[in-house]
Amino acid sequence: MPGLLRGVARTAVVAGTATAVSNRVSRRQGERWASQGQAGYGRPAQYAPGPEPMPAPPPGGTDRIAALKDLAELKAQGVLTEAEFEREKARILAS
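On a predicted model such as this, the values are computed, not experimentally measured, just so you know. (Residues numbered from 1 in each chain as written. Predicted model: local features only at pLDDT ≥ 70, side-chain atom pairs only at ≥ 80, totals over all residues. Heavy atoms only, no water.)

Looking at the overall build of the chain
Part 1 of the argument: Within the chain, the secondary structure is distributed over 3 helices and 0 strands.
Part 2 of the argument: Across the chain, helices and strands are ordered from the amino to the carboxyl terminus as α-α-α.
Part 3 of the argument: Burial statistics for the chain: of 95 residues in total, 11% are counted as buried.
Part 4 of the argument: About 7700 Å² of surface is accessible on the chain, with carbon and sulfur atoms providing 61% of the total. (Helix = DSSP H or I, 4+ residues; strand = E, 2+ residues; numbered from the N terminus. Buried < 20%, exposed > 50% of the residue type's maximum accessible area, 1.4 Å probe, protein only. Areas by Shrake-Rupley, 256 points an atom, 1.4 Å probe, with all protein chains shown as cover.)

Quick notes on the UniProt feature "domain: SHOCT" (unreviewed entry) in the chain
Part 1 of the argument: Taking the numbering used here, the UniProt-annotated feature "domain: SHOCT" (unreviewed entry) corresponds to residues 66–93.
Part 2 of the argument: Note that residues 66–93 is 82% helix and 0% strand, and that its end C-alpha atoms are spaced 12 Å apart. (UniProt positions renumbered as here; feature names shortened; annotations may be inferred.)

Focus on the pattern of salt bridges
Part 1 of the argument: The full count for this structure, using the stated rule, is 3 salt bridges.
Part 2 of the argument: Glu86 is paired through a salt bridge with Lys89; the nearest N and O atoms lie 3.6 Å apart. With Glu86 and Lys89 both in helix 3 (residues 82–94) and 3 residues apart, this pair spans about one turn of that helix. (Salt bridge = Lys/Arg side-chain N within 4 Å of Asp/Glu carboxyl O.)

Let's talk about a positive patch on the surface
Part 1 of the argument: There is a patch of like positive charges on the surface, built from Arg24, Arg27, Arg28 and Arg32.
Part 2 of the argument: Within the fold, Arg28 resides in helix 1 (residues 2–36).
Part 3 of the argument: Residue Arg28 is classed as exposed on the basis of its relative accessible area, which comes to 52%. (Patch = residues over 30% accessible without salt bridge, like charges linked within 9 Å, V, L, I, M, F, W, Y side chains within 5 Å. Lys, Arg positive; Asp, Glu negative; His and termini not counted. Charge placed at Lys NZ, Arg CZ, Asp CG, Glu CD.)

Side note on the nonpolar core
Part 1 of the argument: Among the nonpolar cores identified, the biggest contains 5 residues, and these are Leu71, Leu74, Leu80, Phe85 and Ile92.
Part 2 of the argument: Looking at this core, the elements with two or more residues in it are helix 2 (61–76) and helix 3.
Part 3 of the argument: Once you skip the residues sitting within four places of it in the chain, Ile92 turns out to touch Arg64, Ala67, Leu68 and Leu71. (Core = buried A, V, L, I, M, F, W, Y, C linked by side-chain atoms within 4.5 Å. Contact = heavy atoms within 4.5 Å.)

Section: the confidence of the model for the chain
Part 1 of the argument: Per-residue confidence for the chain gives a mean pLDDT of 76, with 73% of residues at or over 70.
Part 2 of the argument: Within the chain, no element has a lower average pLDDT than helix 1, which sits at 76, and none a higher one than helix 3, at 89. (pLDDT = per-residue confidence, 0-100.)

A look at helix 3
Part 1 of the argument: Over its 13 residues, helix 3 extends 18 Å from the first C-alpha to the last, a length consistent with the 18 Å expected when each residue adds 1.5 Å.
Part 2 of the argument: By the burial criterion, the buried members of helix 3 are Glu84, Phe85, Glu88 and Ile92. Around the axis of helix 3, the buried residues are gathered within 100° of arc, so they sit on the same side. Exposed side of helix 3, more than 90 degrees from the buried face: Ala83 and Ala94 are the residues found there. (Expected span 1.5 Å × (residues − 1). Arc of directions from axis to C-beta.)

A short note on the environment of Ser95
Part 1 of the argument: Tracing the backbone through its elements, the reader meets Ser95 in the segment after helix 3.
Part 2 of the argument: A residue is classified by how much of its surface remains accessible, and Ser95, at 57% relative accessible area, is exposed.

What follows is the structure, encoded as structure tokens:
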């Protein structure tokens, strides 16, 4: 089971790093275009306000479902034994 948690943690770190780098590159490019007076992609130089942020999902609902789906997929692939699957399923449902 520690291998599964390690893999999930590694994925989260990689995804977070990729998002941070992408945002930084986009911000720098936007600042560069703004300082040069370019609009980029046919948009006017003034930026319109972005859409309203999405409301937060209900606590636990979707996260549990996603975690259970991932767990079932790992069991189907043979990564988890039946005992490991049941133990992790109980932990997810208890949280």
